[in-house]
Amino acid sequence: MSFTDMESADLLPYGLGSPELVEFQNGYFVCKDICSDLARLDALLKENGFRLRLESAYRPFEKQLSIWNRKARGELALLDEFGKPMQRPQDEEELMYAILTWSALPGASRHHLGTDIDVVDGNACPEGYEVQLTPDECTGMFAKFHKFLDARFAANEAFGFSRVFVPGRGKIKPEGWHIAHLPTSRRLLDGFSLDTLRRIYEAMDIACKRVILSRLDSLAEDFIYPYFI
Ligand SMILES: [Zn+2]
């Protein structure tokens, strides 16, 4: 069966199909099933002097594919592991791993689930400052906010939310700003199959396709399965 014959609900684990979304903050959409818990987290943070501000939320497959392909073509900057612009490798495998340093594989980004968001403390953000989502911000201007969240996550008192990209888990760089509503993402990822993802790639115009397909098992071990938590 081609993936194009699949039902919308069966495509949700890959960021395809039509999830039921709600605009939680200006222009930021999330899966409707996380809304009430996200509102509770929002209220808790407010009571404690913080202001939950989303910097990223739902991002469909097509959007991730466009980021991936533009980085591969040199239309978007490719950054090395230190965040500095780098030369575009000629070798397809090197190019793929270079993109993976900062961008998820389309179909394997958790942002397409609508359960994952990138967050900062709006109250700690200096006027006119453009948030970059960097480790320095997490330990700098947003340190108090993240410390508060850490304590809630550790005590399991965050309405189902937790961090995903933490040190020592998989090969994706730690992302302190990224949190997920785990009960909902678990339910959605229950239907994930690597074979289906393979068929999606086969049918798509995706840069580095040959090497993605030949390395898919090891890519999944390093960049996908460790985050099915
Ligand atoms: Zn994120």
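Our subject is the structure listed above.
All of these numbers come straight from a predicted model, not from anything done at the bench.

What counts and what doesn't
Residues numbered from 1 in each chain as written. Predicted model: local features only at pLDDT ≥ 70, side-chain atom pairs only at ≥ 80, totals over all residues. Helix = DSSP H or I, 4+ residues; strand = E, 2+ residues; numbered from the N terminus. Rg over C-alpha atoms; globule rule 2.2 N^0.38 Å. Buried ≥ 20, exposed ≤ 12 C-beta atoms within 10 Å, placed from the backbone. Contact = placed C-beta atoms within 7 Å. Pairing = 2+ DSSP bridges. Axes fitted to C-alpha atoms, helices over the stretch in contact; angles between N-to-C directions. Expected span 1.5 Å × (residues − 1). Arc of directions from axis to C-beta. Core = buried A, V, L, I, M, F, W, Y, C linked by C-beta atoms within 7 Å.

Chemist: Honestly, the overall build of the chain in this entry has me stumped. Any pointers?
Modeler: From N to C terminus, the chain includes 10 helices and six strands. Here the C-alpha radius of gyration of the chain, 18 Å, is about what a compact globule of 229 residues would show, namely 17 Å. A principal-axis box enclosing the C-alpha atoms of the chain has dimensions of 50 × 40 × 30 Å. For the chain, the proportion of its 229 residues judged to be buried stands at 31%. Of the contacts made within the chain by residues no fewer than 6 positions apart, 65% connect residues no fewer than 24 positions apart.

Chemist: Would you mind showing me how to read the pairing of strand 4 (residues 116-121) here?
Modeler: For a regular strand, side-chain orientation follows a simple rule: the groups alternate between the two sheet faces. Among the six residues in strand 4, five count as buried, and that is most of the element. Across four bridges, strand 3 (residues 52-56) lies against strand 4 in antiparallel orientation. Bridge pairing in strand 4 places L54 opposite V119. In the sheet, strand 4 pairs with strand 6 (residues 178-181) via three bridges, with the strands oriented antiparallel. Across the sheet, the residue bridging to I117 is I179, located in strand 6.

Chemist: Help me out: how do you make sense of the environment of I117 in this one?
Modeler: One can find I117 in strand 4. I117 sits 66 residues away from P183 along the chain, and the two C-alpha atoms are 14 Å apart. Apart from the residues within four sequence positions on either side, I117 is in contact with V30, L54, S56, A57 and I179.

Chemist: So what exactly am I meant to see when it comes to unusual backbone geometry here?
Modeler: With the exception of glycine, the majority of residues adopt a negative phi angle, and the majority of peptide bonds are in the trans configuration. A positive phi angle, close to 60°, is found at L133, a residue other than glycine. Along the chain, L133 falls in the loop between strand 4 and helix 5 (135-139). Assessed through the 15 C-beta atoms surrounding it within 10 Å, L133 is described here as partly exposed. The phi angle at C208 is positive, at roughly 65°, despite the residue not being glycine. Here C208 is to be found in the loop between helix 8 (194-203) and helix 9 (209-214). C208 sits in the buried class, given 23 other C-beta atoms within 10 Å.

Chemist: Is there a simple way to think about the sheet that holds strand 6 in this case?
Modeler: Across a sheet, paired strands are connected by hydrogen bonds in the backbone, their directions being either parallel or antiparallel. One open sheet holds the four strands; their spatial order is 3-4-6-5, and the pairing between them is antiparallel. Each end of this open sheet is capped by a strand with a single partner; those strands are strand 3 and strand 5 (161-163). For this sheet, the mean angle separating the axes of adjacent strands, direction not counted, is 45°. Of the strand pairs in this sheet, strand 5 and strand 6 are connected by three bridges, and their pairing is antiparallel. Counted as the bridge partner of S162 is A180 from strand 6. Relative to the sheet, helix 2 (residues 35-47) contacts strand 3, strand 5 and strand 6, its axis offset from that of strand 3 by approximately 130°.

Chemist: I would appreciate a short explanation of helix 2 in the present structure.
Modeler: Along an α-helix, residues three or four apart share an orientation, since each turn contains 3.6 residues. Taking 1.5 Å of rise per residue, the 13 residues of helix 2 would be expected to cover 18 Å, and the 18 Å separating its terminal C-alpha atoms lies within 8% of that figure. For helix 2, the full list of buried residues reads L38, L41 and L45. Taken end-on, helix 2 shows its buried residues confined to a sector of 60°, consistent with a single buried face. Exposed and facing more than 90 degrees away from the buried side of helix 2 are S36, A43, K46 and E47.

Chemist: Help me understand the nonpolar core in this model?
Modeler: Grouped burial of nonpolar side chains is what soluble globular proteins tend to show. In this structure, V30, L41 and V119 are the most contacted members of the largest nonpolar core, which totals 31 residues. Listing elements by their share of this core, those giving two or more residues are strand 2 (28-31), helix 2, strand 4, helix 6 (143-154), strand 6 and helix 8. Those residues within four positions of V30 in sequence are excluded, and the remaining contacts are L21, V22, F24, C35, L38, A57, Y58, G114 and I117. In terms of nonpolar packing, the next biggest core, distinct from the first, is built from 14 residues, L65, W68, L100 and A108 among them.

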